[in-house]
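Okay, here's what each chain looks like letter by letter:
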Amino acid sequence: MELQHFSHQHPLVFIEETSHENEKVYCSGCGEMVSAPTFSCVACGFHLHKQCAEAPSDLIHPFHRNHSFNLLKTKPDNYKGECVCDFCGQICEHFVYHCSCGLDFHIKCALFSYNIAEKGITEFQHIAGIDPLISTENRPEKLKNAQCFACWKPLLDSVYFSPDCGFYLHVKCVDLPPEINHSLHHQHPLILQFNSQRLSCQICQKPQRRGFVYSCSSPCKFVLHIGCATIPTKINHFFHRKHPLILQLKDVGLPCHLCQETKPNQILYCCSICEFALHIECASPPPIIEDKSHPHPFTLFWRHVSFICDACGTPGNHASYICSTCCLIVHKKCISLPGTLRHPMHYGHPISRTYFLGQYEIGSWECRICHVEDVNSRHGGYYCSVCNYVAHVNCAIEDYNWYETDESGRIDEDDADTSALIPYSIIKETKEGENVVATEIKHFSHDHNLVLSNDMSDDKYCDGCVLSIFTSYYGCSQCGFFLHKSCAELPRKMHLWFDLHPKLHPLTVDRIFRCDICEYESNGFVYTCNICNHPYCLRCALVSDNPICEGHEHRLPCYKYKALCNACGDSSNWPFRCKGCNFALHIRCLTLPLTAQHKSDEHPYKLTYHDNKNYPESNYCDICEEERNPTHWFYHCAICDTSAHPKCALGKYSFFKQGSIYTKGDHPHPLTFVKKDHHYPECHRCGDRCLDLALECKTAGCSYIVHWECIK
């Protein structure tokens, strides 16, 4: 008997008994080892199990009634990545049953699930069922982590068929009714089928890509997971003895009487008469919960009493958990809070959760995250014994959750190789007292060695932060390249507490960027987030969450609070604020340089915090000649008695180092960043005078000059 199969160019001959005992031969349809009977092309070594060879090219599947499946030799041509089976979750490397809606199955999985739909439990009469509560055999690790292919719940949760059948299946999932009526969707019956549209379950609100669901075949897009469909729709609960609780959808906010959380459009067990509600998972909470950070277990206490949670210090008026040994009463959700946090706002050391803050000697009980209310020593909190750092539990968790961590919850990278963070190698050093000082270094940002100097004879600007140099610095005598000693010592990677992604941010050079915080353009050093590519200039990157500012006598912690900036009068939702003085700054004003140079004055302007002059003629900006608010910060030249708004004194390009080289663009020669003070040549692009930052060609015989605005 011969068969001409679409997957092979030659006729296939039927072989009733195998003759491959001494060699491994595999079926080209399912990829498994060949066993008789088969259809084969011996000359080509092409073999198909009889079941694979006779599989229909178009399959109408009972669990997917809307479309038919087409049998393909390999994955669909338009698939760029791997093709994954929507039944077993493994990669499809051989024949595939494919549907236009995106469902794909191994040929064996498609035929097997088809037989389940047609024959149900009778298909498994010859396969042993295993009860995980009775069976004591040593299970392989693979089986411990396995999931049922039908409901995708852990296989060992219920009686299952022996894996010898080739599939992981609960016994109960094979005998599911093909159609049910459910009180949450009384309009239409729900049909057992594949979740081809990948819809989320209406009860648990979670998606399930693979396996079976109960779904409305009409365009209602109503889906229930198998496990959720079997949840009782009516219960009697001892926490509410007056009336039964009915499973129903509530589109209004009704808090759960156990956890007190409210979710929009949630399905709850409700008593409409009493407006009493319980989440499905809260209707039968665990009677005992272990807390790894506490020596004793917590026991469920169902009584409806008011209490103050000893973990977070906030009130509750519902069921709680108690530790009778320590006389603790807590919310259920607080038991599962992490025992330690590597918090980005306090990255130096982990902060630990404790139920007994009063046992520590803490200098200040002010919460170091919210800075609004003190932490109550009679209740719990997060604490660092090294730094005397304390925070409310809810503040620490809410703030921690703001950061985007990976699936493991890690926010830190492996910092073991600290040598990779060192920005320079030491060429020469000297000893000053007990300290060893590097006097000559090779910094990663520059080709030549840099020598330590205290020479302040000329105006110099740091190539890192692009601010004036008034302290010790490293310099290159050949190139006019300078770095503050503090800027030269900055690590090549650093954590930034204010960035959404708490990973190490690399330090990069030779880049023109716009700082994501202060919004100034610069060609200085920049720390960049590798995930969102947000750049941060050194002035902003080095601001701590609790900085000191010359414009105020106290520290200014950063926290969420709507306030007006005392420096400029603008509103800020995350100011740096002194609560006691009601003084606030947003970061743009906090990072203003202490001096500013402007072409309108030969002397540098100095940042000034108070205007002591009381006559109105002085309340004008000498650059833009518009009125200036005397209560706001300004720049002032005491020699010339001139004043200016900060934005006027700084301009748009104060943080570009003049004299640095630009090699991009279409000009054949390198260009130099310049600001013309007196002679203003015409821009070669737009023809206007170059009054602000420009790029000039210093090559002999070339007079090319162009606005930075015209070329960037």
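Being a predicted model, the structure only gives us computed values, none of them experimental.

Student: Quick rundown of empty space enclosed by the protein? Include the residues and the values.
Tutor: As enumerated under the stated definition, the model contains 1 cavity of 30 Å³ or more in all. Computed from the structure, the largest cavity encloses a volume of approximately 40 Å³. Here the lining of the largest cavity is composed, by residue class, of 6 nonpolar, 2 polar and 1 charged.

Student: Which residues make up the sheet that holds strand β11 (residues 179-182), and what values go with them?
Tutor: Strand order in this open sheet of 4 strands is β11-β12-β13-β14, and the pairing throughout is antiparallel. Since the sheet does not close on itself, it has two edges, and those belong to β11 and β14 (223-225), each with one partner. The sheet shows a mean angle of 30° between the axes of neighbouring strands, taken without regard to direction. Pairing of strand β12 (residues 185-194) with strand β13 (residues 212-215) involves 4 bridges; the strand directions are antiparallel. Its bridge partner being in β13, Leu192 is matched across the sheet by Tyr214.

Student: Give a detailed account of the nonpolar core, specifying residues and quantitative values.
Tutor: Residues Phe87, Tyr97, Leu169 and Ile203 are the most contacted members of the largest nonpolar core, which totals 181 residues. In terms of residue count, the dominant contributor to this core is helix α2 (residues 107-119) (6 residues). Counting residues in each nonpolar core, the second largest holds 17 residues, with Phe673, Cys690, Tyr704 and Trp708 among its members.

Student: Can you explain the side chain of Arg577? Please cite residues and give values.
Tutor: Within the fold, Arg577 resides in strand β42 (residues 576-578). The side chain of Arg577 sits in the buried core without any salt bridge; Glu366 is the nearest counter-charge, 8.6 Å away. A polar contact of 3.3 Å, which involves the side chain of Arg577, links it to the side chain of Asn582.

Definitions and limits used
- Each chain has its residues counted from 1, following the order in which its sequence is written.
- Only residues with pLDDT of at least 70 get local features here, since the model is predicted, and only at 80 or more are side-chain atom pairs given and counted; chain-wide, interface and lining totals rely on the full set of residues.
- Based on all heavy atoms of the structure, the side-chain values leave hydrogens and waters out of the count.
- Points on a 1 Å grid over protein atoms alone make up a cavity when a 1.4 Å probe fits among them but cannot get out, and a pocket when they form an open set with protein on both sides within 12 Å along at least five of seven lines; lining residues each have an atom within 4 Å of a point.
- Grid points are joined across faces, edges and corners, and a volume is the space filled by probe spheres set on the points.
- When residue character is reported, Ala, Val, Leu, Ile, Met, Phe, Trp, Tyr, Cys and Pro are called nonpolar, Asp, Glu, Lys and Arg charged, and the others, Gly included, polar.
- Strands were regarded as paired on the criterion that DSSP finds at least two bridges between them.
- What counts as a helix is a DSSP run of H or I of at least four residues, what counts as a strand is a run of E of at least two, and both are numbered from the N terminus.
- Helix axes are fitted only over the stretch in contact, all axes being lines through C-alpha atoms; the angle between N-to-C directions runs from 0 to 180 degrees.
- For our purposes a nonpolar core is just a set of buried Ala, Val, Leu, Ile, Met, Phe, Trp, Tyr and Cys residues, chained together by side-chain atoms within 4.5 Å.
- The classification of residues rests on relative accessible area computed with a 1.4 Å probe and restricted to protein chains. Under 20% of the type maximum is buried, over 50% is exposed, and intermediate values are partly exposed.
- Counting rule for charge: Lys and Arg are taken as positive, Asp and Glu as negative, and neither His nor the chain ends is counted.
- Criterion for a salt bridge: a side-chain nitrogen of Lys or Arg within 4 Å of a carboxyl oxygen of Asp or Glu.
- Think of a polar contact as two N or O atoms within 3.5 Å of one another; within protein, one of them needs to be a possible hydrogen donor and the other a possible acceptor, and neighboring residues in sequence only count if both atoms come from side chains.

Function cannot be read off these values alone, since they describe shape.
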